[in-house]
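Spelled out, the chains give:
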Amino acid sequence: MAAITVTEQPQDGPLIERRSIFSTLLGNRKFVWGAAVFLAIWLTAIIGSQFVEPAMRRTGAYPPKLSPSFDSPALWVGTTTLGQSVAVQWTQAVPNSMLVGLIAAAIGTSVGAIIGLLGGYYGGRVDAVLRVIVDIFLSIPSLLFLILIASLLKGVSVVEMALVIGAFAWAWPARAVRSQTLSLKERPFVRVAKLSGMGNLEIILRELLPHLLAWLGANFLNAFIAAILAESALSIIGLGPAREMTLGMMIYWALNFGAMIQNMWWWWITPVITLIVLFLSLFLVHLGLDEVGNPRLRTEQGG
Amino acid sequence: MKQRRFWVVTLLAVVMGIAAMAPALAAQDSADATREETFRVAIGRQLSDPTNLNLYAGASRSDTGLHQVVYEYLFYNNLQTGEFTPWLAESYEYNDDYSQLTVHLRDGVTWSDGEAFTSEDIVFTYDLLRANPAMEWANEANNAVASVEAPDPLTAVYTLTAPSPRFHLNREAFSAVQIWGGLTILPKHIWEAEADPLAFKNSNPVGTGPYVLDSASQNGLVYVRNDNYWGATVLGHTPAPKKVEFVYLGDEQTVALALASNELDIATIGILSAGTFQQIAGDNPAITAWTNELPYAWADPCPRALMVQNANPQLENPLVRHAISSLIDRDAIVALAYEGTTIPAQGVWPSYDALTPYMDAVADLYEANPVNYDPDRAAALFEEAGVDPGDITLRYTVNTDSVEDVKVSQVVADQLIAGGLNVEVQQMGSAAREPMLLAGDYDLSFQAFCPGYLTENLELFHSKFYVPLGENAPWYERNSFRYNNEEFSAIVDQMLATPPDDQEALIPLFHDAMSIWLPDLPVIPLVQAPALVPFNGTYWQGWPTASDAWNMPVSWWANFNLILNGYPSTESGEWVGGVTPVGS
C-alpha cells in the first residue's frame, strides 16, 4: 500500500493537498471535538426517534409534570404539563431544527454566491442592479421582516419556516462574494483564462468559484446556526410551526405552560442547553476550519 | 478575524436574548393615584384599536373596563345569590300577556358630564339600533323589541315583537346584566350629534359609571374615579379605588410574576393555569382564588363545547358526530389541559344545583345517547354510518389569543388522530378567526356556550339563526355550526313563551327538546367552564370567594362594577360587599 501511495503522489498534486487538508483537519482538536459533539447530538436524535412510536408523542402518553427519572429513556428529561415526554419531543425537535438550518443555509449561501459572483464578475449595469437589491435587503431589519412574514403565514410548517428564513440569509454572503470576486477577477490567472478563450460562465465556475469554496463553507456554518437561532426566536414569540416540534417550539410551549415559574426546569432547560451546545460545537468546527485554512492561526497541537 | 467577531456577537446576542426572557415590569403609578389607591386587573390580550371605544362598532371591546366601570345597566343579575339588583332602574313589570315591559328608572342618575339620565336615552338607543342594523347588538334588539316609549323621564315602556316572559333575562336586547354583560344605553345628547354611529370612535366615552377614561393604549385602559358620580348622592356610596387599570402585561409567566410581587390585584380568567397558581400562591400567602384547593376555579356558566360544522357533508350525519364525541376523553382534557380545575360536561348547560331537576328529567335520553369516551361505540357508529374515519379530514380552527383554546386543541386533536381521523389544526388570532367562524368556514372549533341559561342555550340552536354556508351567522355559538331543525325550534319557541319560574311546564318541554337535540348532537360538549381568577389581597379586601360568596369573581363581566362598589340589598336595603383598602 505504501509503495502505491508513493508512486501516486507525484502524479496527482491536488490529491496530496486534499489528503493533507483532511488529515490536518482530523488532527485539529477543535474541529474534531466540535464535529464529534455535533454528530453525537444528531445521531442521538435520529437513533432515538427510531424507537418513538406515534402513540408516544400524544398528549397524555405519560403522567404529566414528572421530573427526570431513569425509569425509562422517555422519562430521562421528564414530562410536560400535557403528559408528553420531553425526550420524545427532543428527538423530533433536533432533526427539525437542523433541517431549518440546512435549508436556510443552503438557500442563503447558494443564492448569495450566485448573485455575488454575477455582480462582481460582470460589473456595470448587472452589478448596479444587484447591488441595489442587496443593499435594500441588508438595510431591512431581517428579524422584523421574519416576524411580519411568519405572522402573515400563521401556521407555517418546518420547511416553510426554513424557506422564509433562507429568503433573508443571502444578502451578506452576496456582498462578501461580490467584493472577493472584484479582487479575484483582476488576478493574472483570470486574464490568462480569458485570453485562452474561456467563456464567462466557465471562468466563474472553474476559475473563481474554487477560490471561494473555503469561504462559502465557513459562511454555510454561520448561516446554519444563525437559521436555527432565528427559528428559535420566531417560535418563542409564537410564530413557529405549531403542530411540529423544533427546539424553539419546545421553549415556546414550556414558556406557554409556565414551566419556568412552576419549576419544571427540565422542560425548558433541555432545548436551551441543546441550542447552546449546538452553537458551541459549530463554533469549534469553524475555529478548526479557520486554523487549517489559515496556517498563521495554527497552534502547536492543531498543526 | 471578522468571522470570529460574528461568532462573538452572535453568542452575546444569545446570552442577552436569554436574559431578556426574565420579564421586567415597570411600575406604572402616575402621580394622581398611588399603588395603594389603584385596583389593577391583568387582561389577556392587547387591544388592536385602543382609541375606538364604540361598543356598537364591531370587535368586542366591552370587557376592558367599558362595561364594567364606564357604562352602567338597569339591573344586575347576581347568579351567586340569585338577586336581581336594580341599579339605574328601580323596578320592572310586565303587562298581562307579556307583550309590554315597563321599567321605572331611578331618580337622580346623571351621565359623567352632568346631564341627567332619562328614558329618552333608552328610546334613542333602540331607535339608533333600528336605523342602523349594521351596528353590533342591533339584530337581537330589533328582533325582540318593536318600540320603546318614554311617557315621562323616569318611565320606559318596551313593546315587544312577540310576547315574552323572559325578556328581562335577554342580555342582548335588554339593559340588564346577566352573564358577561347587557345592552348598553347610550347618552342621547352625545350620540345624536353623530351622523354615522358606526364610524364614531367614542374615544372619550360618557357613561353613568363611577369612573371616566384616563388613558388608552394597546397595553390597556386606565380609568380614574369620577368625583361627581351620581351614586355618591343618590346611593350614598362610591367605590374605594381612585383608579382602575385594565392592563396587558404579557404571557402567563409575566402576569404570574406581577401578581407574585403584588403589582397586580386580579388576573382575569384564562391567564393563569392551576400549576402556576399553586406555585405563586404557595410563595405569597396574599394570593387567593375562589377556593383554596382544587378546583380553585369558580364555575363560569358558559360550558365549553366543540362546534362541529353540520353543513359539511362529512359531518351532517348525527352518527358521525356521536362517533367523534365518543373518541373524546373528557377526563384527560380536564387532567391535562385544565390541570383539574373543572369537570367534564355532557351538555351545554352549567352544572348548577338549580338545573338538577332538568338534568334528572333527561337521564333516560342520556342512557340511550351517551356523551362520553367510548372508542368501541365510536367504531360501531362509524360502521353504522358506513364511514371510514380515515377518509375524514377535519379542519380544527384554533384561536391563538386564547391559551385555553390552544391547550385544549392539543389534547383533542391528539385524541381524534388516535381515533383514526385526520385533523388539520389551523391556528390564527381572534381577529382572523371571527369572519371564518361566522361564515361557517371550519369543521371543528372550540367555543364557550353562553349565556348558560337552560332555555337561552337551547335557543342558540334555533333554526331562526340558521344561514347557509358563506353567509354570516349571528355569532359563533349562535348557530355558526348551521344546525337546522324546525321541530326542535318549535319546542324552543314554546319554552321561550313560558315564564322562567314555571318549572312544571318547562321540564316536559326540555325533555321534548332534548329528545331531538341529544340524538342529533349538533355540537360536542367537552367540559364545564373553569374561571380561575387569582386575587392578590395585599392592598384590597372583600373580593368574593367561595367562603364569602356575596358575588361572582368576574373582573371581565359588567358585574365588576358592583363587586368594586357593593350594592344595597334588595331585601334589607343594607349595603352589601364592595372592595375596601386593606389599611382601613
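Parameters at a glance
Residues numbered from 1 in each chain as written. Chains lettered and ligands numbered in written order. Predicted model: local features only at pLDDT ≥ 70, side-chain atom pairs only at ≥ 80, totals over all residues. Heavy atoms only, no water. Helix = DSSP H or I, 4+ residues; strand = E, 2+ residues; numbered from the N terminus. Contact = heavy atoms within 4.5 Å. Areas by Shrake-Rupley, 256 points an atom, 1.4 Å probe, with all protein chains shown as cover. Rg over C-alpha atoms; globule rule 2.2 N^0.38 Å. Buried < 20%, exposed > 50% of the residue type's maximum accessible area, 1.4 Å probe, protein only. Phe/Tyr/Trp six-rings, centres within 6.5 Å; stacked < 30°, edge-to-face > 60°. Lys NZ or Arg CZ within 6 Å of the ring centre and 35° of its normal. Domains from an automatic or database assignment. Buried area = accessible area lost by both parts, 1.4 Å probe. Salt bridge = Lys/Arg side-chain N within 4 Å of Asp/Glu carboxyl O. Pairing = 2+ DSSP bridges. Axes fitted to C-alpha atoms, helices over the stretch in contact; angles between N-to-C directions. Expected span 1.5 Å × (residues − 1). Patch = residues over 30% accessible without salt bridge, like charges linked within 9 Å, V, L, I, M, F, W, Y side chains within 5 Å. Arc of directions from axis to C-beta. Core = buried A, V, L, I, M, F, W, Y, C linked by side-chain atoms within 4.5 Å. Parallel < 35°, antiparallel > 145°, perpendicular 65-115°, else oblique. Left-handed = near helix turned anticlockwise from the far one by under 90°. Nonpolar A, V, L, I, M, F, W, Y, C, P; charged D, E, K, R; others polar.

The number of helices and strands found in chain A is 13 helices and zero strands. Each helix (α) and strand (β) of chain A, taken in turn from the N terminus, gives the series α-α-α-α-α-α-α-α-α-α-α-α-α. Here the analysis covers contacts within chain A between residues at least 6 apart in sequence; of these, 68% occur between residues at least 24 apart. For chain A, the computed accessible surface area is about 15100 Å², with 68% contributed by carbon and sulfur atoms.

On to the overall build of chain B. When its secondary structure is counted, chain B shows 19 helices and 23 strands. Computed over C-alpha atoms, the radius of gyration of chain B comes to 25 Å, within 12% of the 25 Å expected from 2.2 N^0.38 for 584 residues, which places it in the range of a compact globule. In terms of its C-alpha atoms, chain B occupies a principal-axis envelope of roughly 85 × 70 × 50 Å. Counting over 584 residues, chain B shows a buried share of 57%. When contacts within chain B are restricted to residue pairs at least 6 apart in sequence, long-range pairs at least 24 apart make up 71% of them. Per element, the accessible surface of chain B, about 21500 Å² overall, is 51% carbon and sulfur.

Residues and elements named next belong to chain B. Under the defined criterion, the tally for this structure stands at 46 aromatic pairs over all chains. Ring geometry for Y223 and F246: centres 6.0 Å apart, planes at 85 degrees, overall edge-to-face. With Y223 in strand β10 (residues 220-225) and F246 in strand β11 (residues 243-248), this pair connects stretches of sequence that are 23 residues apart. Taking the centre distance of 6.2 Å and the plane angle of 55 degrees together, the rings of W543 and F560 count as tilted. Of this pair, W543 sits in the loop between β20 (540-541) and α19 (560-565) while F560 sits in helix α19; the two residues are 17 residues apart in sequence, bridging distant segments of the chain. The class of F560 is buried, set by a relative accessible area of 0%. Within the aromatic cluster, the residues linked to one another by ring pairs are F75, F84, Y92, Y94, Y98, Y126, Y158, F167 and F174. Above the plane of the ring of Y476 lies R433, whose end atom (NZ or CZ) is 5.3 Å from the centre.

Below, the discussion takes up the domain arrangement of chain B. Residues and elements named next belong to chain B. Segmentation of chain B into domains returns domain 1 (2-46 + 229-296 + 532-581), domain 2 (75-191) and domain 3 (299-531). Between domain 2 and domain 3, the residue contacts involve 13 residues of the former and 17 residues of the latter. Approximately 1200 Å² of surface area, both sides summed, lies buried where domain 2 meets domain 3, with 54% of it carried by carbon and sulfur atoms. It is P165, R166 and I179 that lose the most area in domain 2 upon contact with domain 3, and together they represent 48% of the buried surface on that side. On inspection of domain 2 and its partner domain 3, the count reaches two salt bridges.

Below, the discussion takes up the sheet that holds strand β16 (residues 422-428) of chain B. All names here are of chain B. Ordered in space as β16-β15-β17-β14-β18, the five strands form an open sheet in which the pairing is mixed. This sheet does not close on itself; its edge strands, each paired only once, are β16 and β18 (523-531). On average, each strand axis in the sheet is tilted by 25 degrees relative to the strand beside it, whichever way the strands run. In terms of strand pairing, strand β14 (residues 298-308) meets strand β17 (residues 444-448) through five bridges, oriented antiparallel. Note on β17: the bridge partner recorded for V308 is L444.

On to the interface of chain A and chain B, then. If you look at the interface, chain A gives 36 residues, while chain B gives 34 residues. Here chain A meets chain B over a buried area of about 3300 Å², counting both sides, of which 64% is carbon and sulfur. Contact with chain B buries area across many residues of chain A, yet R243(A), I261(A) and F279(A) alone supply 21% of it, more than any other trio. Linking chain A with chain B are one salt bridge, by the criterion used here. In this structure, E339(B) engages K65(A) in a salt bridge whose closest nitrogen and oxygen atoms are separated by 2.8 Å.

This part takes up helix α18 (residues 503-520) of chain B. All names here are of chain B. For α18, with 18 residues, the first-to-last C-alpha span of 25 Å sits near the 26 Å given by 1.5 Å per residue. Considered for burial, the residues of α18 that qualify are L506, L509, F510, A513, M514, I516, W517, L518 and D520. Where α18 is buried, its residues touch α9 (318-326), α11 (356-361), α12 (363-368), α16 (454-459), α17 (486-496) and β18. Count one or two residues on from α18 and you reach L521, which has phi positive near 40 degrees.

Residue and element names in this part refer to chain A. Among the surface-exposed residues, L39, W42, L43, I47 and F51 lie close enough to one another that they form a single nonpolar patch of about 510 Å² accessible area. Here L43 shows up in helix α3 (residues 29-50). Note on L43: relative accessible area 39%, which makes it partly exposed.

All names here are of chain B. All of the buried residues in helix α13 (residues 375-385) are R377, A378, L381 and F382. For α13, the arc enclosing every buried residue in end-on projection is 135 degrees, short of the 170-degree limit, so these residues lie on one face. Residues of α13 that are exposed and point over 90 degrees away from its buried face: D376, E383 and E384. Positive phi appears at G386, one or two residues downstream of α13, with a value of about 70 degrees.

Attention shifts here to the pairing of strand β2 (residues 75-78) of chain B. Residues and elements named next belong to chain B. Burial along β2 is two-sided: the face carrying F75 and N77 and the face carrying Y76 and N78 are both buried. The pairing of β2 with strand β3 (residues 83-86) spans four bridges and is antiparallel. What sits directly across from N77, in β3, is F84. Hairpin remark: β2 followed by β3, antiparallel, with four residues in the connecting loop; positive phi at G82, about 80 degrees. In terms of strand pairing, β2 meets strand β8 (residues 176-177) through two bridges, oriented parallel.

The next subject is the nonpolar core. With 108 residues, the main nonpolar core has I333(B), W349(B), Y396(B), L458(B), F461(B), M514(B) and W517(B) as its most contacted residues. The element best represented in this core is helix α13 (residues 265-293) of chain A, accounting for nine residues. I333(B) has contacts with I328(B), Y338(B), V408(B), V411(B), V412(B), Q415(B), L526(B) and V527(B), leaving out every residue within four places of it along the chain. In terms of nonpolar packing, the next biggest core, distinct from the first, is built from 89 residues, V69(B), L88(B), W550(B) and W556(B) among them.

Now for the pairing of β14(B). Residue and element names in this part refer to chain B. Summarising burial for β14: ten of the eleven residues are buried, a large majority. With seven bridges joining them, β14 and β18 adopt antiparallel strand pairing. Bridge pairing in β18 links M307 to V523.

The next subject is the sheet that holds strand β6 (residues 145-152) of chain B. By definition, the strands of a sheet pair up through backbone hydrogen bonds, in either a parallel or an antiparallel sense. Residue and element names in this part refer to chain B. Taken together, the four strands give an open sheet; going across it, the order is β4-β5-β7-β6, and neighbouring strands pair in antiparallel fashion. Edge positions in the sheet fall to β4 (89-94) and β6, since each of these pairs with one other strand and no more. The mean inter-strand angle of the sheet, taken between neighbouring strand axes irrespective of direction, is 20 degrees. Strands β5 (100-105), β6 and β7 (155-160) of the sheet are contacted by helix α3 (residues 119-131), whose axis makes an angle of about 155 degrees with β6.

A separate point is the pattern of salt bridges. All names here are of chain A. Tallying each qualifying case throughout the model produces 21 salt bridges over all chains. Across the pair R178 and D127 runs a salt bridge whose closest N-O atoms are separated by 2.8 Å. On the criterion of sequence distance, the pair formed by R178 in helix α9 (residues 171-184) and D127 in helix α6 (residues 124-139) is long-range, its members being 51 residues apart. No difference in accessibility class separates R178 from D127, as the two residues are buried.

Residue and element names in this part refer to chain A. Packing of helix α5 (residues 86-122) against α13 leaves a shortest axis separation of 11 Å and a crossing angle of 30 degrees. Relative to α13, the element α5 is oriented roughly parallel. Of the two possible hands of crossing, α5 and α13 adopt the one that is right-handed. In this structure, α5 uses V86, Q89, W90, V94 and M98 to contact α13, whose residues at the interface are W266, W267, T270, T274 and L278. Looking at the contact of α5 with α13 residue by residue, the class counts come to seven nonpolar, three polar and no charged.

For the rest of this paragraph, the subject is unusual backbone geometry. Residues and elements named next belong to chain B. The linkage connecting L294 with the following residue, P295, adopts the cis geometry, with an omega of 10 degrees. On the secondary structure map, P295 appears in the loop between β13 (287-288) and β14. A cis geometry characterises the amide bond from C450 onward to P451, with omega recorded as 10 degrees. Its place among the elements puts P451 in the loop between β17 and α16.

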